[in-house]
Structure formats: C-alpha cells, structure tokens
Amino acid sequence: MVQKYQSPIRIYKYPFELVMAAYEKRFPTCKMIPVFLGSDTTYEYNSEDGAVYIIERRCRLNVEAPYLLKKIIGVDVVYFIQKNTLDRRARTLKIEAYNESFHEL
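As named in an unreviewed UniProt entry, the protein is SEC14-like protein 1, taken from Nephila pilipes.

Asker: Tell me about the overall build of the protein, and please be specific about residues and values.
Answerer: Within the protein, the regular secondary structure consists of two helices and four strands. In the protein, the succession of helices and strands from N to C terminus is α-β-β-α-β-β. Here the protein, with 105 residues, has 23% of them falling under the buried criterion. Expressed as a percentage of contacts within the protein between residues at least 6 apart in sequence, the contacts between residues at least 24 apart total 37%.

Asker: Explain the pattern of salt bridges residue by residue, including any values.
Answerer: For the structure shown, the criterion picks out five salt bridges. Among the ionic pairs, Arg58 bridges to Glu100, the shortest N-O distance being 2.5 Å. Here Arg58 is found in strand β2 (residues 52-62), whereas its partner Glu100 is found in the segment after β4 (92-99), with 42 residues between them in sequence. Among the residues examined, Arg58 registers a relative accessible area of 31% and is labelled partly exposed. With relative accessibility at 30%, the residue Glu100 sits in the partly exposed group.

Asker: Could you give an account of the pairing of β4, naming the residues involved and the relevant values?
Answerer: Along any regular strand, the residues point their side chains to alternate faces of the sheet. Relative to β4, strand β3 (residues 77-87) runs antiparallel, the two being bridged by eight bridges. The residue bridging Phe80 from the neighbouring strand is Asn99, located in β4. Counting the residues in the hairpin turn of β3 and β4 gives four residues, including Arg91, whose phi is positive at 55°.

Asker: Explain the sheet that holds strand β1 (residues 36-46) to me, using residue names and the numbers behind them.
Answerer: Pairing is antiparallel in the open sheet, where four strands are placed in the order β1-β2-β3-β4. Strand pairing shows two members of the sheet lacking a second neighbour, β1 and β4, which therefore form its edges. This sheet shows a mean twist of 20° between the axes of neighbouring strands, independent of strand direction. Two strands pair when backbone bridges link them, and β2 and β3 are joined in this way by 11 bridges, in the antiparallel orientation. When the sheet's bridge partners are listed, Arg60 is paired in β3 with Tyr79. Along the sheet, helix α1 (residues 16-24) contacts β2, β3 and β4; its crossing angle with β4, the most-contacted strand, is approximately 25°.

Asker: Residues and numbers for the nonpolar core, please.
Answerer: By size, the foremost hydrophobic cluster in this structure holds 10 residues: Phe16, Met20, Tyr23, Phe27, Phe36, Tyr53, Ile55, Cys59, Phe80 and Leu86. Looking at this core, the elements that each hand over two or more residues are α1, β2 and β3. In contact with Phe36, other than residues within four places in its own chain, are Arg26, Phe27, Pro28, Thr29, Cys30, Cys59, Arg60, Leu61 and Phe80.

About the cut-offs
- Just so you know, the residues in each chain are numbered from 1, in the order the chain's sequence is written.
- A pLDDT threshold of at least 70 governs which residues receive local features in this predicted model, and a stricter bar of 80 or more applies before side-chain atom pairs are shown or counted, although totals over entire chains, interfaces and linings include all residues.
- Computation of side-chain values covers all heavy atoms of the structure but excludes hydrogens and water.
- The way it works is that DSSP assigns letters per residue, a run of H or I at least four long becomes a helix, a run of E at least two long becomes a strand, and they are numbered from the N terminus.
- Relative accessibility thresholds used throughout: buried, under 20% of the residue-type maximum; exposed, over 50%; partly exposed, between the two (1.4 Å probe, protein chains only).
- Whether two residues are in contact is decided by their heavy atoms, any of which lying within 4.5 Å being enough.
- In the sections that follow, a salt bridge refers to a side-chain nitrogen of Lys or Arg positioned within 4 Å of a carboxyl oxygen of Asp or Glu.
- Strand pairing follows a simple DSSP-based rule, namely that at least 2 bridges must link the two strands.
- Lines fitted to C-alpha atoms define the axes, with helix axes restricted to the stretch in contact, and inter-axis angles between N-to-C directions lie between 0 and 180 degrees.
- Buried Ala, Val, Leu, Ile, Met, Phe, Trp, Tyr and Cys residues form a nonpolar core when they are joined through side-chain atoms within 4.5 Å.

Take a look at the structure:
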C-alpha cells in the first residue's frame, strides 16, 4: 500500500532567492547531510524566459539502521526520485518525491 505524505507549507523569514540558493547547494552532494550520498539529474527543463525551472533527480540515501536489519531487508542504500518545480514569478518551489527502492513492494 502506498502512503501519501504532504509536508506543511513553509514560509521563511529570508529572501526567496537566498533560501533557493541554500537549497540548491545540497546537490549533487552535501557534506553537512552525511546520510545524503548524492544525486544524478535525470530530467531538466528551463522555460525560455527563465521563470520556470523543472529538475528531476535520482537521489541516494544511506540507510541508518543496524547491520542485521539492513541484511534482513536487503538494502544498504535507498533510492528516491525527486522532482522540483521552481516558479520564480510566483516565488514557489514544489517538491514531489517517491521512494524508488520500495516502489514495487
């Protein structure tokens, strides 16, 4: 059974451009998030006027679990697909993601 989750809308007290610049620094890897092992871009689109930017990434996360549990479930690394839609005119970022590792289970 697939569970759907929607995180709360976040409103930051900093300029949108600064928040987006900080968010983008985590890709393709981020030393400050050691569980995030990296990402590969699978799709990228930029509108002609630059207002809309869409990027889809395949990301890898380290499974933080005891060794025995990792062996039982047969997973050391979790893969997920993340699609970001940045609308600079509306000053919004929509993030959609799903777990690719357990997608077929």
